[in-house]
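Architecture at a glance
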Amino acid sequence: MRVALFVTCINDTLHPDTGRAVITLLERLGVEVGFPEEQSCCGQPQFNTGYRHLTEPLVRRYERAFRDYDYVVTPSGSCAAMVRDNYPRIAERAAAEGRDGRDLAEAAARAVPKTYELTEFLADVLKVTDVGAYYPHTVTYHPTCHGLRMLRLGDRPRRLLEHVKGLELRELPGAEECCGFGGTFAVKNPAVSAAMGADKVRAVRETGAEAVCTVDNSCLLHIGGMLRREGAAARPVHIAEILAATEADTRKPAGREGSPR
Amino acid sequence: MSGTYLGMPAFPAAAASSTQDGRLRANLRYATHTIRDKRAKAVAELDDWARLRAAGAAVKDRTLRHLDHYLEQLEEAVTAAGGQVHWAADAAEANAIVARLVRETGEREVVKVKSMATQETGLNRALAEAGISAYETDLAELIVQLGDDLPSHILVPAIHRNRGEIRDIFREQMGRWGRAAPEGLSDAPGELAEAARLHLREKFLNAKVGISGANFMVAETGTLVVVESEGNGRMCLTLPETLISVVGIEKIVPTWQDLEIFLQLLPRSSTAERMNPYTSMWTGTTDGDGPRTFHLVLLDNGRTDTLADTVGRQALRCIRCSACLNVCPVYERAGGHAYGSAYPGPIGAILTPQLRGTASELDASLPYASSLCGACYEVCPVAIDIPEVLVHLRERVVQGGKVTRRGVKTVLKPAKGHAAERAAMRAAGFAFDHPGVLRAGQRLAGRTRRLHPRRLPGPGHAWSDTRDLPPVPAESFRDWWRRTRGEERGK
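Cut-off values and rules
- Residues numbered from 1 in each chain as written.
- Chains lettered and ligands numbered in written order.
- Predicted model: local features only at pLDDT ≥ 70, side-chain atom pairs only at ≥ 80, totals over all residues.
- Heavy atoms only, no water.
- Helix = DSSP H or I, 4+ residues; strand = E, 2+ residues; numbered from the N terminus.
- Rg over C-alpha atoms; globule rule 2.2 N^0.38 Å.
- Buried < 20%, exposed > 50% of the residue type's maximum accessible area, 1.4 Å probe, protein only.
- Contact = heavy atoms within 4.5 Å.
- Areas by Shrake-Rupley, 256 points an atom, 1.4 Å probe, with all protein chains shown as cover.
- Lys, Arg positive; Asp, Glu negative; His and termini not counted.
- Charge placed at Lys NZ, Arg CZ, Asp CG, Glu CD.
- Core = buried A, V, L, I, M, F, W, Y, C linked by side-chain atoms within 4.5 Å.
- Buried area = accessible area lost by both parts, 1.4 Å probe.
- Salt bridge = Lys/Arg side-chain N within 4 Å of Asp/Glu carboxyl O.
- Polar contact = N/O pair within 3.5 Å; in protein donor to acceptor, adjacent residues only side chain to side chain.
- Arc of directions from axis to C-beta.
- Pairing = 2+ DSSP bridges.
- Axes fitted to C-alpha atoms, helices over the stretch in contact; angles between N-to-C directions.
- Phe/Tyr/Trp six-rings, centres within 6.5 Å; stacked < 30°, edge-to-face > 60°.
- Expected span 1.5 Å × (residues − 1).
- Disulfide = S-S within 2.5 Å.
- Parallel < 35°, antiparallel > 145°, perpendicular 65-115°, else oblique.
- Nonpolar A, V, L, I, M, F, W, Y, C, P; charged D, E, K, R; others polar.
- pLDDT = per-residue confidence, 0-100.

In terms of regular secondary structure, chain B is built from 23 helices and 12 strands. Rg of the C-alpha trace for chain B: 26 Å, near the compact-globule value of 23 Å for 491 residues, within the 12% margin. Counting across all 491 residues of chain B, residues that qualify as buried make up 58%. Summarising the internal contacts of chain B: among those between residues at least 6 apart in sequence, 72% fall at separations of at least 24. Total accessible area computed for chain B in this model is approximately 20700 Å², and 53% of it derives from carbon and sulfur atoms. Charge centroids of chain B, computed over 63 positive and 58 negative side chains, lie 9 Å from each other.

Here you go:
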């Protein structure tokens, strides 16, 4: 079984800890993980903003980068959903526009079935719920929209968290409501985005949890940015970093650090 | 509010002011969450909901593919049953037809059943200009009309009002339109309903002309269907001598058997009821019973153009249930007026830019009025993939492209104001397709990280006004990988 990490552009640039956590976790579970450096971005920011044509080279690049692997695992619900839902659509639209969409269609057909969001890979391929993690903190889980409604992750992330030693899971009120990030929505409609974020952050604070956890760092960028602006104690943490943490871990408990200043 | 959506600001500005209105936010949050939870329960009662939904979508799609055929079948059936059919290419034509038909009766007053089509065409205003008073008889539409306001929700047009505000509107305005509100009217729902009942009774009994829309038109028999909760519709559809119905051409279902699907989908999705209290159906005219004259005005107003778009046409399946509004986190914070159209919420964000085009700043901003969270698609009883159409329309805004306008194929230019974004997207696209460039950018950001401002200048303030920026790590993941593992594994 050849497994590759698709780290995603946001994690690569802003959250390398999440990528390292996936490597640590999968290697602990006996999976050898490769990182083809040809990979870059899934194309979601361009696609969702209306620049579908700019995503076509990225569809081809994705397929090329991961051609030699059986599985592509990514610590992002929305990037996995982009590949699975939109790559075939991009090929169809190219064909409908009278351009040859065959190479795109082939790329999509090869990329889609091997692409897994991290918790899907753990639950459906490795079939584990107890990954041997230790995280002695109170945590609340926010199911992100694309994980919830596009990938239909269901209770996979929750079951994994429930088996983490020391972790106390706190119910998040209104969990299934969008946090208000929405990619460029956050800057195109900043007032509504912030109003949605404020409600989400209030719900997180109500739980009293030390950390808010998701399968997507892009949502955490928004939720965490608002928590920090409010000076709230709760910190954003990607589920991979919780699942990677162990008792033997001498590092600080996983979680996003404060400002480097 | 002055009864028109013309000249309203683009969505982000209008929505920004709504988010500051605490009372509006509270009214909307309470109302949308209540109905959202009730809908979920009502839908969960049916174990074949997913199949009903698929059937609803399939029937609508098939009907739309053969719309010309079914429209002619409908016209024939309505005419054979004693009705008269009129065809309106746009809102102005529909309004002119209705005004002429009312004038021909010699009447100066009409009563109205709640109708989205006539909100879309701005009929009340057009009739007023023709010297005809149109009285809304749906309770929420009455509140909106008395308050010189605009509807902000498809099903509950006065959702932005709470009962205290409604009491004030009734006290101050009812007397100017007809029977005044009772002395000492309180904000108890029962008292408010009774005040409306007394006020409207006078209108129903005097009216000689009724105006309605329709939820469905059955092509095989020429039957029109109105579903409602209050009974005002039944009054308007049966008491007047003349009935004029203005209906969008996409409201057709071929047969009564098809109707059965929608009469299950609609009430549960809209009011969370197993069946709505009143379902009125009529076929042309019947001697000695109901209106003696029946006119059907079939409204196009951009629908045929929308049908020409293979991605966008699914919006025409809409049965106006408003489930998408009730689950939408953006609608809940922005309110219905920010959408600048009779169709607010997610469905409005895909319908308005197709029916009206994307030429105005407001209409071009609507496809962006969504975080693409997908809650709307999940609840849509006819499976309209609203996020898919939103993204498709964003593409139309930033890239232009082929569209159909008034039946003519034309090529749209990209909208103004997206040049900087386009350049940024192209630059990002280049970097993402050249990982060496990406790596160089990451290293630059990492090395300069202590110099990054806490708040961004220029357009970046849209992010940093309310959120801190994430700290940039000293080393990107790909650099870490290359430094620690590059030689042994990976490529």
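So, on to the overall build of chain A. Of regular secondary structure, chain A possesses 13 helices and 8 strands. For 261 residues, the compact-globule estimate of 2.2 N^0.38 gives 18 Å, and the C-alpha radius of gyration of chain A, at 18 Å, lies within 12% of that figure. A buried classification covers 62% of the 261 residues belonging to chain A. Contacts spanning at least 24 positions in sequence make up 80% of the contacts within chain A whose residues lie at least 6 apart. When the accessible area of chain A is evaluated, it comes to approximately 9000 Å², of which 50% is carbon and sulfur surface. Put simply, chain A has 34 plus and 35 minus side-chain charges, and the middle of one group is 3 Å from the middle of the other.

Attention now goes to the nonpolar core. Proteins that are soluble and globular tend to have nonpolar side chains buried together. Within the largest apolar cluster, 90 residues are counted, with the highest numbers of intra-cluster contacts made by Y87 of chain A together with F11, F216, F262, I347 and I350 of chain B. For this core, the element with the most residues is helix 5 (residues 77-96) of chain A, which contributes 7 residues. Residues contacting Y87 of chain A, with those up to four places away along its chain left out, are C42, L58, V59, Y62, M82, A108 and A111 of chain A. Counting residues in hydrophobic clusters, the runner-up holds 44 residues, among them L71, A140, I169 and W282 of chain B.

This part takes up the interface of chain B and chain A. Taken together, the contact pairs 74 residues of chain B with 73 residues of chain A. With both chains or domains summed, chain B and chain A bury close to 6400 Å², and 54% of this area falls on carbon and sulfur atoms. Across the contact surface, chain B and chain A share 16 salt bridges. Counting every contact that joins chain B to chain A gives 33 residue pairs in polar contact (both at pLDDT 80 or more).

Moving on to helix 1 (residues 11-19) of chain B. Helical periodicity: at 3.6 residues per turn, an α-helix aligns residues three or four positions apart in one direction. Buried within helix 1 of chain B we find F11, A14, A15, S18 and T19 of chain B. The buried residues of helix 1 of chain B all sit within an arc of 140° when viewed along its axis, so they share a single face. Looking at the buried side of helix 1 of chain B, the elements it contacts are helix 11 (190-207) of chain A together with helix 2 (22-44), helix 15 (329-334) and helix 17 (361-365) of chain B.

Our next topic: the sheet that holds strand 7 (residues 211-214) of chain A. Residue and element names in this part refer to chain A. Within the open sheet, the 4 strands sit side by side as 6-5-7-8. Their pairing is parallel. Of all the strands in the sheet, just strand 6 (168-170) and strand 8 (235-238) have a single pairing partner and so form its edges. Averaged over all pairs of adjacent strands, the angle between their axes in this sheet comes to 40°, without regard to strand direction. Strand direction decides the pairing type here: strand 5 (residues 138-141) and strand 6, joined by 3 bridges, are parallel. Paired with T140 across the strands is R170, a residue of strand 6.

Let's shift gears to the environment of A423 of chain B. The topology assignment puts A423 of chain B in helix 20 (residues 419-432). Along the backbone, A423 of chain B and A31 of chain B are 392 residues apart, and their C-alpha atoms lie at a distance of 42 Å.

Under the criterion given, the structure shown has 18 aromatic pairs over all chains. Consider the rings of Y62 of chain A and Y87 of chain A, whose centres lie 5.6 Å apart with planes at 90°: the pair is edge-to-face. Placement of the pair is Y62 of chain A in helix 4 (residues 52-65) and Y87 of chain A in helix 5, with a sequence separation of 25 residues. Taken individually, Y62 of chain A and Y87 of chain A each receive the classification buried, so the pair is uniform in this respect. A centroid spacing of 5.7 Å and a plane angle of 35° characterise the contact between F216 of chain B and F262 of chain B, whose relative ring orientation is tilted. Linking F216 of chain B in strand 5 (residues 216-218) with F262 of chain B in helix 12 (residues 256-270), this pair joins segments that are 46 residues apart in sequence.

Here the focus is helix 11 of chain A. The first and last C-alpha atoms of helix 11 of chain A sit 26 Å apart over 18 residues, in line with the 26 Å expected at 1.5 Å per residue. Looking at helix 11 of chain A, one finds that the buried residues are V192, S193, A194, A195, M196, G197, D199, K200, V201, A203, V204 and T207 of chain A.

Glancing now at the state of the cysteines. Across all of its chains, the model carries 0 disulfides over all chains by this definition. Here C179 of chain A stays unpaired: no disulfide links it, and the sulfur of C219 of chain A, its closest cysteine neighbor, is 4.5 Å away.

The subject of this paragraph is the side chain of E421 of chain B. Relative to the elements of secondary structure, E421 of chain B occurs in helix 20. A relative accessible area of 17% places E421 of chain B in the buried class. With residues near it in sequence (within four places) discarded, E421 of chain B still touches T49, Y51 and K188 of chain A together with V398 of chain B.

Take the packing of helix 20 of chain B against helix 21 (residues 435-447) of chain B next. Residue and element names in this part refer to chain B. For the pair helix 20 and helix 21, interaxial distance at closest approach is 6 Å and the crossing angle is 110°. Put simply, helix 20 runs roughly perpendicular to helix 21. Across the interface between the two elements, F430, A431 and F432 of helix 20 pack against P435, V437 and L438 of helix 21. Residue composition of the contact of helix 20 with helix 21, by class: 6 nonpolar, no polar and no charged.

It is worth spelling out the packing of helix 11 of chain A against helix 12 (residues 217-229) of chain A at this point. Residues and elements named next belong to chain A. Between helix 11 and helix 12, whose axes approach to 9 Å, the crossing angle comes to 75°. The pairing of helix 11 with helix 12 is recorded here as roughly perpendicular in orientation. Residue-level inspection shows S193, A194, G197, A198, K200, V201, V204 and R205 of helix 11 in contact with helix 12, the latter providing H222, I223, M226 and L227. A class-by-class count of the residues in the contact of helix 11 with helix 12 yields 7 nonpolar, 3 polar and 2 charged.

Attention now moves to the sheet that holds strand 1 (residues 3-5) of chain A. Residues and elements named next belong to chain A. In space, the 4 strands of this open sheet follow the order 2-1-3-4, with parallel pairing throughout. Strand pairing shows two members of the sheet lacking a second neighbour, strand 2 (33-34) and strand 4 (115-117), which therefore form its edges. Inspection of the sheet shows strand 1 paired to strand 2 by 2 bridges, in the parallel sense. For V3, the partnering residue across the bridge sits in strand 2 and is V33. Those strands touched by helix 7 (residues 118-125) are strand 1, strand 3 (71-74) and strand 4, and its axis lies near 100° from that of strand 4.

A separate point is the confidence of the model for chain A. Of the residues in chain A, 95% have a pLDDT of 70 or more, and the chain-wide mean is 93. Of the regions scoring below 50 in pLDDT, residues 257-261 of chain A engages in 12 contacts with residues more than four places distant in sequence or in other chains.

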